[in-house]
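Working through the structure, step by step
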Amino acid sequence: ALNYKNPYNADFLEQLKEFIPYLNYAKFYGGEPFLIDYYYKIWEELRKNNPRLTVEVQTNATVLNNKVKKTLDKGRFNINISLDSLEKANFEFIRKNAKFERVMENAEYFRSYCKTKHTRFFISVCPMRQNWKELPGFIKFCNEKNAFVYFHLVWNPPHCALWNLDSETLGHIVHYLSAYSFPQKGYLQKYNCLHYTGYVNLIMDWQKQAIKREEDIRAAEAEEEAEEELKKIAAEVERKKRHYAPL
């Protein structure tokens, strides 16, 4: 096991207290924030000393119990759900040990909470080789659920990422995703459409980089082949010199 030392000791909350009244926004990530006991102490302190503060939590929606619900009810939380597939089989393949039905049920609770509290509901997606065809579906789903979408950049692991694919495959992805259009009624739909378009443009940039990378590889291979051919010619010349050398 890793010998990990938690940098947040028992005095951390005391150190925070003088700053809490002046916060405008606070974000909490994980692991899974709703499994981190120390966060609950911080949230309670935020509620007491900055009750109008909006707190954002990035959750995978696998945890929703009475403790979570009571905490949410006391404060103002923006909920950002990590969701990498809308298909049960693919979801459970990507997120091991998670149950699709439970996550979607919890996501609906969080959506309803945000609607009641007049806070924002986000869905974050990691586009990968396993799920890129679902991106249009995510826009439709988010528009229906009044959720802001966010597509993360996945660099690692390389075998799951899109950025390092060959130019032909990236061109196929661009062609597929570009065929979709979406309504743009109101701020949220316009935001989601713009974000989608921006991500497609990013994949187009990756395709251009792949083309340049492949051209460089071909040029290097051609140069290497030319050098090998020159070596063969030089060797043949030397052989003939020795063969026809005067007695």
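Quick summary incoming for the structure in this document. (Residues numbered from 1 in each chain as written. Predicted model: local features only at pLDDT ≥ 70, side-chain atom pairs only at ≥ 80, totals over all residues. Heavy atoms only, no water.)

Turning next to the sheet that holds strand β2 (residues 54-59). If you trace the 5 strands from one edge of the open sheet to the other, you get β1-β2-β3-β4-β5, paired in parallel fashion. The sheet terminates laterally at β1 (25-28) and β5 (148-151), the two strands that pair on one side only. For this sheet, the mean inter-axis angle between neighbouring strands, taken without regard to orientation, is 20°. When β1 meets β2, the two strands line up parallel, connected through 4 bridges. Note that in β2 the partner of F28 across the bridge is V57. Packing against the sheet, helix α2 (residues 37-49) makes contact with β1, β2 and β3 (76-82), and its axis sits at approximately 170° to β1. (Pairing = 2+ DSSP bridges. Helix = DSSP H or I, 4+ residues; strand = E, 2+ residues; numbered from the N terminus. Axes fitted to C-alpha atoms, helices over the stretch in contact; angles between N-to-C directions. Contact = heavy atoms within 4.5 Å.)

Here we come to the environment of Q184. Assignment of secondary structure puts Q184 in the loop between α7 (167-178) and α8 (186-243). The class of Q184 is partly exposed, set by a relative accessible area of 45%. Between the alpha carbons of Q184 and E101 there is a distance of 30 Å; along the sequence they are 83 residues apart. Non-local contacts of Q184, meaning those with residues more than four positions away in its chain, are made with Q189, K190 and C193. (Buried < 20%, exposed > 50% of the residue type's maximum accessible area, 1.4 Å probe, protein only.)

Core analysis: the biggest nonpolar cluster contains 56 residues, and W43 and F110 have the highest contact counts within it. A total of 7 residues in this core trace back to one element, the largest contributor, which is helix α5 (residues 100-117). (Core = buried A, V, L, I, M, F, W, Y, C linked by side-chain atoms within 4.5 Å.)

This brings us to the pairing of strand β4 (residues 121-125). Within β4, 5 of the 5 residues are buried, which leaves it mostly tucked inside the rest of the structure. Burial along β4 is two-sided: the residues F121, I123 and V125 and F122 and S124 are all buried. Here β3 pairs with β4 via 4 bridges, running parallel. Along β4, the bridge assignment pairs S82 with S124. Following the chain from β4 across helix α6 (residues 135-145) to the adjacent parallel β5, one finds a crossover that is right-handed. (Right-handed = clockwise from strand over helix to strand, strands pointing away.)

What the rule picks out here adds up to 11 salt bridges. Residue R95 pairs with D84 through a salt bridge whose shortest N-O separation is 3.7 Å. Of this pair, R95 sits in the loop between α4 (88-94) and α5 while D84 sits in the loop between β3 and α4, and the two are 11 residues apart along the sequence. Linking K145 and E108 is a salt bridge whose minimum nitrogen-to-oxygen distance equals 3.3 Å. Taken together, the residues K145 in helix α6 and E108 in helix α5 connect sequence positions 37 residues apart. The class for K145 is partly exposed, based on a relative accessible area of 25%. Residues joined by salt bridges that share partners form a network here, namely E44, R47 and K74. (Salt bridge = Lys/Arg side-chain N within 4 Å of Asp/Glu carboxyl O.)

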